[in-house]
Amino acid sequence: MIEFATLVNALDSTNKASLKKEAIIRFLTFAPEKDKLWFLALMTGKRPRRPISTKELKTWVLEITNIPEWLFVECYAAVGDLSETLALLLPPASEKINKSLSEWMEDILQLANASMAEKKAFVLTSWNRLNTIERFIFNKLLGGSFRLGVSSKGLINTIATHFQIEPSIVTHSIMGEWNSHDYAFDKLVRGEYSNTNLSKPYPFCLAYPIEKEVEELGLIAEWQCEYKWDGIRGQLIKRGDEIFIWSRGEELVTIQFPEITDALKKWKGSFVLDGEILAAKDGQILNFNELQKRINRKLISKTLREEVPIVVYLYDLLELDGKDLRSESLQNRRKLLEQLYQHNVGPTILLSPLISCENWADLRILQLASRELNSEGIMLKKKDSIYYVGRKKGGWWKWKVNPMTIDAVLIYAQKGSGRRSAHYTDYTFAVKDGDHLVSIAKAYSGLTDKEILEVSRYIRQNALEKFGPVRTVKPELVFEIAFEGIGYSKRHKSGVALRFPRILRWRRDKKAADIDTLENIKKLIT
Amino acid sequence: MIQFTSKGIYCIPGKFYLEPWQPVDLAIITHGHADHARPGMKKYLCHHFTVGILKSRIGPDIQVEGLAYNQSIHINGVKISLHPAGHIIGSAQIRMEYKGKVTVFTGDYKLQDDGLSTPFEPVKCHELITESTFGLPIYRWESVEMQNQRLNAWIMHNQGYKKTSVFIGYSLGKSQRILNAVKDMGEIYVHYSIAKLNIAYSDAGINLPSYQIIDPTTDMKHLDGKIVLLPPALLDTQLLQKIPHVAYAICSGWMQIRGARRWRSADAGFAISDHADWNGLLQAVKESGAEKVYVTHGQTASFSKYLNEIGVEAEEVNTNYGEELSV
């Protein structure tokens, strides 16, 4: 595991993209073939099921170290990463071992069918043969998120440069299913296995937020304007009568939306569609909070299907009868999409309506009112644009409505994870509800490192209790919180849920008495 | 015998303070770090080696008296002696005895022998006032030899890539430790604030390796490929960027945690500390034989709670020490 440990260490030690790239290329040059495939799998979220729960790992560490559970909790809060906490608490190893990354992964795969006693024996023996950093990696390999200071996109770009191919080819090639036994790393990333898999989606074309005034985009007639829907961006694939639904996070969500599958079965032809999965009733798009009820469910009950009906609003057509249309102009793709739709009209899969405006001023009026339709704003797509891979400036712009904002007071704080573990970075904010404060949102981002240090110091000095990960803070610091949407929610004490809340700025000029009231905030709900 | 006041830790019969943070008549000082030795006292009492440091940091005209380790004096009937704390040069635990009862104030300390400071010696007492900067079991230091090997290996790696190795550590104590550890690896340059404190070491008869002093007003090109020592205050300044081909490492106990290393995004972080680790703190408490332990700074809540659970009566007290530790 030496090459991999060196890589992890190198990625940890810098935030310069060039040095990270160097380290990855060094790994790709020297690491064994199977290790490279495993690395790619782990970094792109294709990992085996966790064979052992973290609860068990923690129990074993408590047994070995003989420390009380509350102390473990304190340590975890200070470290901010469970795998690392376990690695640091264990006594130094008394033996040594050198297994490659793939050998470890094979061992871990074997554990799936092992008894708990066998699992425990394997883990304890391994811990006793690894130094702290190796142990940390081993714990990560056993399960949990694998963040290494490089995104999967960053990795893909590095691989693409290294092999002198287009990033889109790498992205496309490593989507879908593959394993470390039957595949060769070079062939995989070069796309030599690509056509074998019917499910393979295309990388999504994404839009940048518009930075200038829309008037500067030129003639409105050159642009296709449509609403920006706030649901789950999805790719609907039907090839050879097989149906796949991919989310933008490269997850297959086919079984979560049976009504889409049912509708697609009736569609004729073979195609790949780009669209937005939305909750809708009686022709009205529902608040995102409704759609949330349908996400990450193992079972979709009939009641739930009736309570939160699903529709898809189609944006684009990427492939038709085996032909990749992405280099066609948007105008042509839209024409083909409308033709395809005309042959397959139904209640579930619909076209995302186009907005026709004579001039930008008229569009501005619609943009400002878009929230009333539960839309986030307007999408502007150049009619002659091709379907780009990922984000590319110029072709597509998102023109979102300004976020809503409220002033709220900090009431709870928690240390962050990863690089934020040394400081209080995760905050809960409250607003007034009569004479009381009621928590309204959690936010993790928006402050500069310097502000985080300052807020952390305030929290240390003004915490009302000393144990456990969460600090109750004297309600004095006021922040402006921005969010994209708001809806009623039974799961939240305040009765409302904010969408994408984040800290806009620290309002040092305001006191706790100046914060917003829940009553006023509820008035923002459409 | 002891009272925790808003000015500092007060010895009632002795009528003096231990490391107060507000001006008093007589202050006994454990060591020369700024959060422990503050300006404004009428008189200071400390170890001989600390005298020069106080004069250099607080002012040449302060009234300060030096004591040797294990030498006792009496103040208002309280027998006082200083004992090695192993933290930095001259660092001392303060032992106070009055009517047969012994209280020891550790100041900052470590059990590891860093090769420069007089090694820590346990002192038997009834009451122990201890720090707990690294009072969580995640803090366990590697041996000093291993730490030094890692520093040297890192320099070698940098030399292979033609990079300048810059170490960031406190100017008093840590820097001299690093200087000593890397002495055979090449030409060493230290910031003048560190050089100023190196004198305290040579005055104490400790031979530090030879080094050259950086003048930050001149051009930094001549540092290319060399070994450079800087204090933490320069971390976010231009100086670091002016050094050609810089790779910099932070040397601090906090670097034990991956998140802390990544927060600073230094090129390397070495968990080298002049404070006791978890096992060190527990060992010190045990060897003191104290019936009652007061915990002054650091992980005070966790450490005192744990001591109570293992049968040592302990209580946390509020002090103003430890604010320096923000790296």
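Residues numbered from 1 in each chain as written. Chains lettered and ligands numbered in written order. Predicted model: local features only at pLDDT ≥ 70, side-chain atom pairs only at ≥ 80, totals over all residues. Heavy atoms only, no water.

**A few points about the overall build of chain B**
- Secondary structure assignment for chain B yields 8 helices and 19 strands.
- Radius of gyration (C-alpha) of chain B: 20 Å, near the 20 Å computed for a compact globule of 327 residues.
- Each principal axis of the C-alpha atoms in chain B carries an extent, and together these give about 65 × 45 × 30 Å.
- For chain B, the proportion of its 327 residues judged to be buried stands at 62%.
- Here chain B has roughly 12600 Å² of accessible surface; of this, 48% comes from carbon and sulfur atoms. (Helix = DSSP H or I, 4+ residues; strand = E, 2+ residues; numbered from the N terminus. Rg over C-alpha atoms; globule rule 2.2 N^0.38 Å. Buried < 20%, exposed > 50% of the residue type's maximum accessible area, 1.4 Å probe, protein only. Areas by Shrake-Rupley, 256 points an atom, 1.4 Å probe, with all protein chains shown as cover.)

**Let's talk about the domain arrangement of chain A**
- The assigned domain composition of chain A is domain 1 (2–142), domain 2 (152–198), domain 3 (205–400) and domain 4 (404–522).
- Measuring from the centre of the C-alpha atoms in domain 1 of chain A to the corresponding centre in domain 3 of chain A gives 40 Å. (Domains from an automatic or database assignment.)

**Some words on the packing of helix H1 (residues 2–12) of chain A against helix H2 (residues 17–30) of chain A**
All names here are of chain A.
- As a packed pair, H1 and H2 sit with axes 9 Å apart at the nearest point and diverge in direction by 175°. Here H2 runs roughly antiparallel to H1, going by the angle between their axes. For the pair formed by H1 and H2, the contact residues are Glu3, Phe4, Leu7, Ala10 and Leu11 on the first element and Lys20, Ala23, Ile24, Phe27 and Phe30 on the second.
- Looking at the contact of H1 with H2 residue by residue, the class counts come to 8 nonpolar, no polar and 2 charged. (Axes fitted to C-alpha atoms, helices over the stretch in contact; angles between N-to-C directions. Parallel < 35°, antiparallel > 145°, perpendicular 65-115°, else oblique. Contact = heavy atoms within 4.5 Å. Nonpolar A, V, L, I, M, F, W, Y, C, P; charged D, E, K, R; others polar.)

**Focus: the packing of helix H5 (residues 69–79) of chain A against helix H6 (residues 82–89) of chain A**
All names here are of chain A.
- For the pair H5 and H6, interaxial distance at closest approach is 9 Å and the crossing angle is 120°. One element, H5, and the other, H6, form an angle in the oblique class. Between H5 and H6 lies a crossing of right-handed hand. Each of Phe72, Cys75, Tyr76 and Val79 in H5 lies in contact with H6, whose residues at this interface are Leu82, Glu84, Thr85, Leu86, Leu88 and Leu89.
- In terms of residue class, the contact of H5 with H6 is made up of 8 nonpolar, 1 polar and 1 charged. (Left-handed = near helix turned anticlockwise from the far one by under 90°.)

**Let's talk about the pattern of salt bridges**
All names here are of chain A.
- Taken as a whole and judged by the stated rule, the model has 44 salt bridges over all chains.
- Between Glu95 and Arg129 there is a salt bridge; the shortest N-O distance is 3.3 Å. Of the two residues, Glu95 sits in the loop between H6 and helix H7 (101–110) while Arg129 sits in the loop between helix H8 (116–127) and helix H9 (132–142), which places them 34 residues apart along the sequence.
- Assessed through its relative accessible area of 42%, Glu95 is described here as partly exposed.
- A salt bridge links Glu480 to Arg507, with the nearest nitrogen and oxygen atoms 3.3 Å apart. Taken together, the residues Glu480 in strand S19 (residues 478–483) and Arg507 in the loop between strand S22 (502–506) and helix H19 (518–522) connect sequence positions 27 residues apart. (Salt bridge = Lys/Arg side-chain N within 4 Å of Asp/Glu carboxyl O.)

**Some words on the interface of chain A and chain B**
- On the side of chain B, 24 residues touch chain A, which itself brings 37 residues to the contact.
- Across the chain A to chain B interface the summed buried area is about 2700 Å²; carbon plus sulfur atoms make up 56%.
- Counting every contact that joins chain A to chain B gives 2 salt bridges.
- Its salt-bridge partner being Asp12 of chain A, residue Arg262 of chain B comes within 3.8 Å of it at the nearest N-O pair.
- There are 6 residue pairs in polar contact (both at pLDDT 80 or more) connecting chain A and chain B.
- Of all the elements, H5 of chain A adds the most residues to the side of chain A that touches chain B, at 6 residues.
- Class assignment for the residues of the side of chain A that touches chain B results in 18 nonpolar, 8 polar and 11 charged. (Buried area = accessible area lost by both parts, 1.4 Å probe. Polar contact = N/O pair within 3.5 Å; in protein donor to acceptor, adjacent residues only side chain to side chain.)

**So, the sheet that holds strand S5 (residues 43–47) of chain B**
Residues and elements named next belong to chain B.
- The 6 strands are arranged S1-S2-S3-S4-S5-S6 in an open sheet whose pairing can be described as mixed. Two strands lie at the open edges of the sheet, namely strand S1 (2–4) and strand S6 (64–67), each paired on one side alone. Strand-to-strand twist of the sheet, defined as the mean angle between neighbouring strand axes without regard to direction, takes the value 25°.
- Running at roughly 135° to S5, helix H1 (residues 48–57) makes contact with S5 and S6 of the sheet. (Pairing = 2+ DSSP bridges.)

**As for the environment of Gln63 of chain B**
Residues and elements named next belong to chain B.
- By the element assignment, Gln63 lies in the loop between H1 and S6.
- Judged by relative accessible area, Gln63 falls into the partly exposed class, the value being 49%.
- Along the backbone, Gln63 and Ala233 are 170 residues apart, and their C-alpha atoms lie at a distance of 29 Å.
- Contacts of Gln63, omitting those with residues within four sequence positions, involve Lys42, Lys43 and Tyr44.

**Re helix H16 (residues 330–342) of chain A**
Residue and element names in this part refer to chain A.
- Taking 1.5 Å of rise per residue, 13 residues should cover 18 Å, and H16 covers 18 Å from first to last C-alpha, within 8% of that figure.
- What H16 keeps buried is the set Leu330, Arg333, Arg334, Leu337, Leu340 and Tyr341. On an axial view of H16, the arc spanned by its buried residues comes to 125°, and they lie on one face. (Expected span 1.5 Å × (residues − 1). Arc of directions from axis to C-beta.)

**Observations regarding the packing of aromatic side chains**
Residue and element names in this part refer to chain A.
- Counted according to the given criterion, the structure contains 30 aromatic pairs over all chains.
- Judged by centre distance (6.0 Å) and plane angle (70°), the ring pair of Phe4 and Phe39 falls under edge-to-face. One end of the pair, Phe4, is in helix H1; the other, Phe39, is in helix H3 (residues 33–43), with 35 residues separating them in the sequence.
- What makes Phe39 buried here is its relative accessible area of 1%.
- Between Phe122 and Phe138, the ring centres sit 5.9 Å apart and the planes meet at 55°, which makes this aromatic pair tilted. On the criterion of sequence distance, the pair formed by Phe122 in helix H8 and Phe138 in helix H9 is long-range, its members being 16 residues apart.
- When its relative accessible area of 16% is taken as the criterion, Phe122 is described as buried.
- Three or more aromatic residues link up through ring pairs in this structure, and these residues are Tyr427, Phe429, Phe479 and Trp506.
- One Lys or Arg, Lys381, reaches over the ring of Trp396 and ends 4.3 Å from the middle of that ring.
- A cation sits over an aromatic face here: Lys415 above Tyr424, 5.5 Å from the ring centre. (Phe/Tyr/Trp six-rings, centres within 6.5 Å; stacked < 30°, edge-to-face > 60°. Lys NZ or Arg CZ within 6 Å of the ring centre and 35° of its normal.)

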